[in-house]
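Topology and contacts: notes
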Amino acid sequence: VTLARGRAVDAVGEAADWLLETLDAGGPTGRLIAELGIGTNPQAVVTGSILEDEKAAGTAHLAFGTSASFGGANVSTVHIDGILLQPTVELDERPLIQEGELLNTREEMECR
């Protein structure tokens with residue numbers, strides 16, 4: 001999924017067409033990012049249950065569509081979650097997760 005200005009602008013892969021069509025069916029705000037989460041729980045296991053998968057250490061998850069049901073401002077008729085199994089996540093060009101490895105210390109983040 002390619003993101004720009006807080007929204008999905010393109011996608012490639014097996015489910016790409018389905019994802020974009022589903023988000024578009026949610027209206028003009030369907031492609032907006034609703035959640036970004038970083039899994040930090042070493043006891044959580046990826047099993048296919050989104051509520052546990054999104055918490056597993058070394059994962060990240062991204063959701064699109066409505067966020068109003070949990071205090072956000074985006075209203076849409078769709079909410080789609082996706083799990084990233086070995087993500088690299090950066091904040092201000094500093095990695096928080098490197099290929100699924102959660103970086104724990106400031107020194108570790110600055111060294112990579």
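Up top is the structure.
Okay, so let's go over this structure. Only a predicted model underlies this, so the values are computations on that prediction, with no experimental measurement involved.

1. Focus on the overall build of the protein chain
Secondary structure summary: the protein chain contains three helices and eight strands in total. The secondary structure elements of the protein chain, listed N-terminal to C-terminal, are β-β-α-β-α-β-β-β-β-β-α. Per-residue burial over the protein chain gives 32% buried out of 112 residues. Sequence-distant contacts in the protein chain: of pairs separated by 6 or more residues, those separated by 24 or more amount to 44%. Summed over all atoms, the accessible surface of the protein chain reaches about 7200 Å², with 52% contributed by carbon and sulfur. Positive and negative charge centroids in the protein chain, built from 7 and 18 side chains respectively, lie 8 Å apart.

2. A look at the pattern of salt bridges
Counted according to the given criterion, the structure contains two salt bridges. Here arginine 31 makes a salt bridge to aspartate 24, at a shortest N to O gap of 2.7 Å. Salt-bridge contacts for glutamate 54 lead to lysine 55; the nearest nitrogen and oxygen are separated by 3.4 Å. Glutamate 54 gets classed as buried once you look at its relative accessible area, which sits at 15%.

3. Quick notes on helix α1 (residues 16–25)
Every buried residue of α1 is accounted for by Ala16, Leu19, Leu20 and Leu23. Angular distribution of buried residues about the axis of α1 spans 90°; they occupy a single face of the element. Exposed and oriented more than 90 degrees from the buried face of α1 are Asp17, Glu21 and Ala25. Close packing links the buried residues of α1 with β2 (7–10), β4 (60–65) and β5 (79–84). Positioned one or two residues after α1, glycine 27 has a phi angle of 95°, which is positive.

4. Re the environment of glutamate 99
For glutamate 99, the position within the fold is in the loop between β7 (94–98) and β8 (101–102). Distance from glutamate 99 to glycine 39, taken between C-alpha atoms, is 13 Å for residues 60 residues apart in sequence. Once residues lying within four places of it in the same chain are set aside, the contact partners of glutamate 99 are Gln86, Pro87 and Thr88.

5. What about the sheet that holds β5?
Taken in spatial order, the three strands line up as β3-β4-β5 in an open sheet, and their pairing is antiparallel. Taken across any chain shown, the strands that pair with only one partner, and hence form the sheet edges, are β3 (33–38) and β5. Strand after strand, the sheet turns through a mean of 15° between neighbouring axes, direction not considered. By the bridge criterion, six bridges tie β4 to β5 in an arrangement that is antiparallel. Residue pairing in the sheet places leucine 62 in a bridge with glycine 82 of β5.

Conventions we followed
- Residues numbered from 1 in each chain as written.
- Predicted model: local features only at pLDDT ≥ 70, side-chain atom pairs only at ≥ 80, totals over all residues.
- Heavy atoms only, no water.
- Helix = DSSP H or I, 4+ residues; strand = E, 2+ residues; numbered from the N terminus.
- Buried < 20%, exposed > 50% of the residue type's maximum accessible area, 1.4 Å probe, protein only.
- Contact = heavy atoms within 4.5 Å.
- Areas by Shrake-Rupley, 256 points an atom, 1.4 Å probe, with all protein chains shown as cover.
- Lys, Arg positive; Asp, Glu negative; His and termini not counted.
- Charge placed at Lys NZ, Arg CZ, Asp CG, Glu CD.
- Salt bridge = Lys/Arg side-chain N within 4 Å of Asp/Glu carboxyl O.
- Arc of directions from axis to C-beta.
- Pairing = 2+ DSSP bridges.
- Axes fitted to C-alpha atoms, helices over the stretch in contact; angles between N-to-C directions.

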